[in-house]
Amino acid sequence: EPEVTQTPSHQVTQMGQEVILRCVPISNHLYFYWYRQILGQKVEFLVSFYNNEISEKSEIFDDQFSVERPDGSNFTLKIRSTKLEDSAMYFCASNPGQGSYEQYFGPGTRLTVT
Amino acid sequence: QKEVEQDPGPLSVPEGAIVSLNCTYSNSAFQYFMWYRQYSRKGPELLMYTYSSGNKEDGRFTAQVDKSSKYISLFIRDSQPSDSATYLCASRPGGGTSYGKLTFGQGTILTVHP
């Protein structure tokens, strides 16, 4: 069964460093998302992406964040200058579109900022 | 005001019990309702999704939405130890696009003991 994959599974970085989290959505899906989950808290929406542009973003998704679909398969989330409070699980999700509303999540990348 | 509220539990039941998991929501625009299962340090796994009010059944799982009271339920029949996980409810508005962000509840931790 097709699934969303994410790399790395765990990323440790120092405050102020740039990180890129990578996702491979399910093939032929059209809508892509990033969510994050701080330990013990809710899963929170960050951004949605369709047709090579951002469709919607949350207040959390400030200028330090950016997303890109550099080729036909990868979808990346970049954090330019990480802060301690960026430590969280980051989940990528995708949706097939064409009237379907389900979002399928990847296993997540655990980001630890020290 | 929290848009989706969910009792975090924890909820502990014996194997074979019927489990009832519940959420309330405040946003009248929500029309799509999902239940996800999340194992520890893993990504949310889509269990069921319903549109507007009504019931939907899939094997041992039944999802129920009552829009008049803004109440979402998931019932698990004949619960198994493998059902032990965190259950997340999520909602999103209707509309003509598929890219709407999901708003999650906090998740209910369920343990089914043999």
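Rules used throughout
Residues numbered from 1 in each chain as written. Chains lettered and ligands numbered in written order. Predicted model: local features only at pLDDT ≥ 70, side-chain atom pairs only at ≥ 80, totals over all residues. Heavy atoms only, no water. pLDDT = per-residue confidence, 0-100. Helix = DSSP H or I, 4+ residues; strand = E, 2+ residues; numbered from the N terminus. Pairing = 2+ DSSP bridges. Axes fitted to C-alpha atoms, helices over the stretch in contact; angles between N-to-C directions. Buried < 20%, exposed > 50% of the residue type's maximum accessible area, 1.4 Å probe, protein only. Salt bridge = Lys/Arg side-chain N within 4 Å of Asp/Glu carboxyl O. Contact = heavy atoms within 4.5 Å.

Chemist: Explain the confidence of the model for chain A to me, and be specific about the residues and the numbers.
Modeler: In this model, chain A carries a mean pLDDT of 94, and residues with pLDDT of at least 70 account for 100%. When pLDDT is averaged over each helix and strand of chain A, the minimum, 92, is found for strand 6 (residues 53-57) of chain A and the maximum, 98, for strand 11 (residues 109-113) of chain A.

Chemist: An account of the sheet that holds strand 7 (residues 61-66) of chain B is needed here, citing residue identities and associated values.
Modeler: Residue and element names in this part refer to chain B. Spatial ordering of the open sheet is given by 1-3-8-7-6, a layout of five strands whose pairing is antiparallel. Of all strands in the sheet, those with a lone pairing partner are strand 1 (4-6) and strand 6 (54-58), marking the two edges. Taking the axes of each pair of neighbouring strands and ignoring which way they run, one obtains an average angle of 15° across the sheet. Two strands pair when backbone bridges link them, and strand 3 (residues 19-25) and strand 8 (residues 71-76) are joined in this way by six bridges, in the antiparallel orientation. Bridge pairing links S20 to F75 in strand 8.

Chemist: With reference to specific residues and values, describe unusual backbone geometry.
Modeler: Between T7 of chain A and the following residue, P8 of chain A, the backbone shows a cis peptide bond with an omega angle of -10°. By the secondary structure assignment, P8 of chain A is in the loop between strand 1 (5-7) and strand 2 (10-13). Omega for the bond connecting G9 of chain B with P10 of chain B falls within 30 degrees of zero, at 5°, which places this linkage in the cis form. Structurally, P10 of chain B is set in the loop between strand 1 and strand 2 (11-14). Even without a glycine there, the phi angle at D78 of chain B is positive, about 45°. Inspection of the secondary structure puts D78 of chain B in the loop between strand 8 and strand 9 (85-93). The exposure class assigned to D78 of chain B is partly exposed, which follows from its relative accessible area of 42%.

Chemist: I'd love a proper account of the pairing of strand 5 (residues 43-50) of chain A, names of residues and values included.
Modeler: Residues and elements named next belong to chain A. Extensive coverage of strand 5 is indicated by the burial of six of its eight residues. For strand 4 (residues 31-37) and strand 5, the ladder comprises seven bridges, and the chain directions are antiparallel. Residue pairing in the sheet places Y31 in a bridge with Y50 of strand 5. Linking two consecutive strands that pair antiparallel, namely strand 4 and strand 5, is a turn of five residues; a positive phi of about 80° is found at G40 within it. By the bridge criterion, four bridges tie strand 5 to strand 6 in an arrangement that is antiparallel. When the bridges of strand 6 are listed, V47 appears paired with K57. In textbook terms, the turn of a hairpin is the stretch between consecutive antiparallel strands, and for strand 5 and strand 6 this stretch comprises two residues, one of which, N51, has a positive phi near 55°.

Chemist: Can you tell me about the pattern of salt bridges, naming the residues and giving the values?
Modeler: In this structure the tally under the stated criterion is four salt bridges over all chains. Between E44 of chain A and R36 of chain A there is a salt bridge, with its nearest N and O atoms 3.1 Å apart. Residue R36 of chain A is classed as buried on the basis of its relative accessible area, which comes to 10%. With a closest N to O distance of 2.9 Å, D83 of chain B and R60 of chain B form a salt bridge. Remark: R60 of chain B occurs in the loop between strand 6 and strand 7 and D83 of chain B occurs in the loop between strand 8 and strand 9; sequence separation between them is 23 residues. Since its relative accessible area comes to 1%, D83 of chain B is described here as buried. Taking relative accessible area as the criterion, R60 of chain B reaches 25% and is therefore assigned partly exposed.

Chemist: Lay out the environment of F105 of chain A with the relevant residues and their values.
Modeler: Note on placement: F105 of chain A falls in strand 10 (residues 104-105). A relative accessible area of 10% places F105 of chain A in the buried class. C-alpha of F105 of chain A to C-alpha of T5 of chain A: the two residues are 100 residues apart in sequence and 8.6 Å apart in space. Residues within four places of F105 of chain A in sequence aside, it is in contact with V4, Y35, F91, C92 and A93 of chain A together with Y36, P44, L102 and F104 of chain B.

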